[in-house]
Amino acid sequence: MPDPRVLVIGLDGATFDLIEPWSESGHLPNFASLMAEGAWGRMRSTMPANSAPAWSTFATGLEPGRHGIFYFVGPSRDSEYFRPVSSESIHGRTLWDRISAQGRTVGILNVPMTYPPKPVNGYMIAGMLSPNAPAAFWPPELYQQVVQECGDYVFRVQPQQDRHLFLAQLLSGMEYRCRVSEYLLEHHPVDMFAVVFRMIDPIMHRYWPDMDHHHPLHATLGDSALPDAILSGYRLLDEAIGRLLARIGSRTTVLVVSDHGFRAEYRRFAVNKWLRDRGLLVLRPGRSTLLSAAEDWAERLHVEMTLKSLGKQALGRLGGGATFAPILFKSVDWSHTQVVFGPNVGLNINLEGRDFAGIVPVSRYEALRDRLIEDLKGRRDPETGLAPVAEVYRREEIYKGPVANLAPDLVPEPTEYTTNGQRCGFGLAPSLTGGQEFSSPSRRLAAGHAREGIFIARGPGIRSANLADVGIADMAPTILYAMGLPVPKNLDGRVLTAPFDAAYVAAHPIQYEDPEVEAAGKAGRVLPEEDEVALEQRLRGLGYL
Ligand SMILES: [Zn+2]
């Protein structure tokens, strides 16, 4: 069986804050040897540090202003307020398209933002947001083969009240992905194979207080505390890495990549409560069930969630014909609302002439943004004395490109700080109805995403080195380079040559190819000009209608 040229092992949310000490203390022998033999460093994720924009950037080598994905939902502006995004929404060509177009083969397993799966020269099994298991597979017949060889396809794990049981199910879901990867590497060899293990992310969100004695929720756990929950997740990942490395030879370049890092959350700031207190956000009365559904939804995105299960829950309450987006629309009194936070983790101004029920005149837009920036940065948590928001960016300050207009108007960056040697951050809660501006985190989101992910590379021509200045946009061009394929000139990321030794880079100069013309508003579907037929087709494809 031929070995792949490149094997990418994606670990959702993995952080060196845990990997480094656990590697040193002998818990993670495969991480330790990869790091000793290879080149590694902390990797800059997207803003926000979230799976949807981050894996889209991984796939395209473009920053969000050019691929158009800023969160799991995007604005629609015209009728409903937010719509879910999918692989159809990504602007720009993906790594798998480029590799396929060069006549090379790819195998893509559970990379977020690949649903619906697209035809590639090889195969693709989509990950989160697939409505059901068979729909995740391209070509469709691969589904039966995987089920036959690996057992029933575990495509998501439903949250459980029982913390032992939920953890056990997440771990067995991880093990299943490893088994599927082994089967695919063995029986369906390709030139580039990428797998993402997502389940470490919900484990860290929920079980952080179990191992962190300073966490405000630690004492509330009592007998249900599972202090080794996260460690067991990392040990299983380490074992999975070992099993996958055993399947490949020395000619394969191995990249271990996370989409963002992680840190504890000791305090939560309910941004919409803050907006409501200022009269900038007004809710309609008597919508409490709908509101709690919307809040639930925001947290659910952090566990294995599907649009279909979400649709069922939300649509059941709203009645037929609606999509989930109007939950927020119907909760908010748009005729009196100037700004809402979320669900795209940004501040969205209800702008006249742009948004379907816009009330903020364009002439007041900049003044409102200035005031929000100043007031939000000036807010302090009375308990810790800290500012929950470190910085607030105008979207044009951080996003450039033809679809940067899909970004929120303002993007707040939560404050990170260190306490008791522990990296910690404020959670920015998207809850609309929360009664308190500041609170302890919920059990489901006791830790959150950090901007720093991980990058480890080992393989032909790769030296042992510590790397600085690595961005997730650098992944696609670096993978193309490692495969000996041409790299488009106009990507936002660049080929990382630092991991390679000088002789390798001299013998393998980067081949650039001319960029293709960027078609604004053509590829993406979550756009104001989207026509209703296309929308209906897409919602049908997503299992909504
Ligand atoms: Zn997460």
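This structure is a prediction, so every number in the text was calculated from the model and none was measured.

**Some words on the overall build of the protein chain**
- Scanning the protein chain for helices and strands turns up 19 helices and 23 strands.
- Out of the 545 residues belonging to the protein chain, those deemed buried represent 53%.
- Across the protein chain, the fraction of contacts at a sequence separation of at least 24, relative to all contacts at a separation of at least 6, is 70%.

**Comments concerning the pairing of strand β15 (residues 416–419)**
- Relative to strand β16 (residues 422–429), β15 runs antiparallel, the two sharing four bridges. Paired with Thr 418 across the two strands is Arg 423, which belongs to β16.
- In this antiparallel pair of consecutive strands, β15 and β16, the connection spans two residues, and Asn 420 shows a positive phi of 50 degrees.

**Quick notes on unusual backbone geometry**
- Omega for the peptide link from Met 47 to Pro 48 comes to -10 degrees, which places this bond in the cis form.
- Structurally, the position occupied by Pro 48 is in the loop between β2 (39–44) and α3 (51–60).
- The residue after Tyr 115, namely Pro 116, is reached through a cis peptide bond having omega -5 degrees.
- Counting through the fold element by element, Pro 116 comes out in the loop between β5 (106–109) and β6 (122–125).

**Some details on the nonpolar core**
- Ranked by size, the top nonpolar core spans 143 residues in total, and within it Ile 108, Phe 197, Ile 203, Val 256, Ile 454 and Ile 479 carry the most contacts.
- The residue makeup of this core includes at least three contributed by each of domain 1 (6–260 + 451–513) and domain 2 (264–283 + 332–446).
- Excluding residues within four positions of it along the chain, Ile 454 makes contact with Ala 14, Thr 15, Phe 16, Ile 19, Arg 42, Met 43, Val 256, Val 257 and Ser 258.

**As for the packing of helix α7 (residues 163–187) against helix α10 (residues 229–245)**
- Where α7 contacts α10, the two axes come as close as 10 Å, and the packing angle between them is 10 degrees. Classified by the angle between their axes, α7 and α10 sit roughly parallel to one another. The segment α7 lies against α10, with Leu 167, Leu 171, Met 174, Glu 175, Cys 178, Ser 181, Glu 182 and Leu 185 engaging Ala 229, Ser 232, Gly 233, Leu 236, Ala 240, Arg 243 and Leu 244.
- Residue composition of the contact of α7 with α10, by class: nine nonpolar, three polar and three charged.

**Regarding α7**
- For α7, spanning 25 residues, the distance from its first C-alpha to its last is 36 Å, which sits close to the expected 36 Å at 1.5 Å a residue.
- Phe 166, Leu 167, Leu 170, Met 174, Arg 177, Cys 178, Val 180, Ser 181, Leu 184 and Leu 185 are the residues of α7 that are buried.
- In this structure, the buried side of α7 is in contact with β5, α6 (142–150), β8 (192–197), α8 (200–211) and α10.

**Quick look at the packing of α8 against α10**
- Across the interface, α8 lies against α10 with an axial gap of 7 Å and an inter-helix angle of 145 degrees. For the pair formed by α8 and α10, the contact residues are Ile 200, Ile 203, Met 204, Tyr 207, Trp 208, Asp 210 and Met 211 on the first element and Ala 229, Ile 230, Gly 233 and Leu 237 on the second.

**Describing α3**
- Extensive coverage of α3 is indicated by the burial of ten of its ten residues.
- The complete set of buried residues in α3 reads Ser 51, Ala 52, Pro 53, Ala 54, Trp 55, Ser 56, Thr 57, Phe 58, Ala 59 and Thr 60.
- Packing partners of the buried residues in α3 comprise α4 (64–67), α5 (95–101), β9 (253–257) and α17 (475–482).
- With its phi angle positive at about 75 degrees, Gly 61 sits one or two positions after the end of α3.

**Things to note about the pairing of β9**
- For β9, a buried count of five out of five residues is recorded, marking the element as mostly surrounded by other parts of the structure.
- Side-chain alternation along β9 places Thr 253, Leu 255 and Val 257 on one buried face and Val 254 and Val 256 on a second face that is also buried.
- Two elements, strand β1 (residues 6–11) and β9, share five bridges in a ladder whose sense is parallel. Its bridge partner lying in β9, Leu 7 is registered against Val 254.

**So, the confidence of the model for the protein chain**
- Residues with a pLDDT of 70 or more make up 85% of the protein chain, whose mean pLDDT is 87.
- In this model residues 288–326 is a low-confidence stretch, pLDDT under 50, and it forms 74 contacts with partners more than four residues away in sequence or in other chains.

**So, the environment of Thr 220**
- Relative to the helices and strands, Thr 220 is located in helix α9 (residues 218–221).
- When the C-alpha atoms of Thr 220 and Asp 210 are compared, they prove to be 9.8 Å apart, with ten residues separating the residues in sequence.

**Some remarks on the environment of Arg 42**
- The topology assignment puts Arg 42 in strand β2.
- Judged by the 21 C-beta atoms lying within 10 Å of it, Arg 42 falls in the buried class.
- Distance in space between the C-alpha atoms of Arg 42 and Val 470 is 6.8 Å, their sequence separation being 428 residues.

Procedures and definitions
- Residues numbered from 1 in each chain as written.
- Predicted model: local features only at pLDDT ≥ 70, side-chain atom pairs only at ≥ 80, totals over all residues.
- Helix = DSSP H or I, 4+ residues; strand = E, 2+ residues; numbered from the N terminus.
- Buried ≥ 20, exposed ≤ 12 C-beta atoms within 10 Å, placed from the backbone.
- Contact = placed C-beta atoms within 7 Å.
- Pairing = 2+ DSSP bridges.
- Core = buried A, V, L, I, M, F, W, Y, C linked by C-beta atoms within 7 Å.
- Domains from an automatic or database assignment.
- Axes fitted to C-alpha atoms, helices over the stretch in contact; angles between N-to-C directions.
- Parallel < 35°, antiparallel > 145°, perpendicular 65-115°, else oblique.
- Nonpolar A, V, L, I, M, F, W, Y, C, P; charged D, E, K, R; others polar.
- Expected span 1.5 Å × (residues − 1).
- pLDDT = per-residue confidence, 0-100.

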